[in-house]
Amino acid sequence: MGDRRLTPKLDWVRLEGDAIAGAGHLRQKVAVDAPVDIYLAIERPSGSRVLALGFEQPPRNSLAETVKLRGLRVSEAPFAMGHKPWTVSIATSRTDDNQMFGELADDLVSVIAATSSGDEASDALAARLECWHRFLDHAGSAGLSAEAQVGLYGELWCMRDLLVPAIAIGDAVMSWQGPDGGPQDFQGSGWAVEVKTTRQLAPTVVRVSNERQLDAGDGFLALIIVGIEERIGSAHV
């Protein structure tokens, strides 16, 4: 297919622009090599986004029974969409979640495209949706707050620009405690790093929410303050 690989994010915008009043679905096949047919659709009249997957046979593990993801409707039915006789549909329950669903669908398409059979695709799909279930249970469908996004940016910047050059990428990733809620953001053998990120480029005061953040026991503790200036489409550190 050459370079002709449509991305779901772009297709949602076009489909929503083409949607008209009435019932049914307006859909577009995703041009990607995969063992199942992949369609993006807009459900009318609700406007909900739908990811529809065409299988040669029913998935060996029923996604409709195993996937319990808040805000999603998962259905399976023996009707043809394209050349495959069995369809699995994943749809948003609320149009307020359409933006989040666009990210989810983009991720699922990438996962499915890396598989080589329908059974492998359904297994990979179920595993990936379970990852999204855990993420959304923690962060909510609205995603991270603005403050949490700033904090995450600072930690990832610190990892990429300071820790990876010093201790290699594998050790840097393994030392990251942020997702697990450790007392410091990074912990290694005999050392720890706490990152404070602020929207001020030259901050004079930072907030410490817990005294344990500044307690590394007998080890070395570094406090790194990251000041960022937000601009449209970028951030300056």
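Side note on the pairing of strand E5 (residues 86-92)
Okay, step 1: Within E5, seven of the seven residues are buried, which leaves the element mostly enclosed by the surrounding structure.
Okay, step 2: Because side chains alternate across E5, one face comprises the buried residues Trp86, Val88, Ile90 and Thr92, and the other comprises Thr87, Ser89 and Ala91, equally buried.
Okay, step 3: Here six bridges tie strand E3 (residues 49-55) to E5, and the two strands are oriented antiparallel to one another. Its bridge partner being in E5, Leu51 is matched across the sheet by Ile90.
Okay, step 4: Pairing geometry for strand E4 (residues 72-77) and E5, over six bridges, is antiparallel. Note that in E5 the partner of Ser75 across the bridge is Ser89.

Some remarks on the environment of Gly102
Okay, step 1: Its place among the elements puts Gly102 in helix H3 (residues 98-113).
Okay, step 2: On the accessibility criterion, Gly102 (3% relative accessible area) is buried.
Okay, step 3: Along the sequence, Gly102 and Leu40 sit 62 residues apart, while their C-alpha atoms lie 9.8 Å from each other.

Quick notes on the nonpolar core
Okay, step 1: Among the nonpolar cores identified, the biggest contains 29 residues, and Ile38, Leu51, Ile90, Phe101 and Leu125 are the most heavily contacted of them.
Okay, step 2: Those elements that provide at least two residues to this core are helix H1 (8-18), strand E2 (37-44), E3, E4, E5, H3 and helix H4 (118-139).
Okay, step 3: Looking at this core, the element that brings in the most residues is H3, giving seven residues.
Okay, step 4: Ignoring any residue separated from it by four or fewer positions in sequence, one finds Leu51 in contact with Ile38, Tyr39, Leu40, Val88, Ser89, Ile90, Phe101, Ala105, Leu108 and Val109.
Okay, step 5: Core analysis: the next-biggest nonpolar cluster, separate from the first, contains 13 residues, Trp157, Ala172, Trp176 and Ile228 among them.

Criteria and cut-off values
- Position numbers for residues start from 1 in each chain and track the written sequence from start to end.
- Side-chain atom pairs in this predicted model are given and counted only at pLDDT of 80 or more, local residue features only at pLDDT of at least 70, and totals for whole chains, interfaces and linings cover all residues.
- Working from all heavy atoms in the structure, the side-chain values ignore hydrogens and water.
- Only protein chains enter the area calculation, which uses a 1.4 Å probe; residues under 20% of their type maximum are buried, those over 50% are exposed, and those in between are partly exposed.
- Only DSSP runs of H or I reaching four residues or more are called helices, and only runs of E reaching two or more are called strands; each is numbered from the N terminus.
- Strand pairing follows a simple DSSP-based rule, namely that at least 2 bridges must link the two strands.
- Throughout, nonpolar core names a set of buried Ala, Val, Leu, Ile, Met, Phe, Trp, Tyr and Cys residues whose side chains join them through atoms within 4.5 Å.
- Only heavy atoms enter the contact rule, under which two residues are in contact if any of them lie within 4.5 Å.

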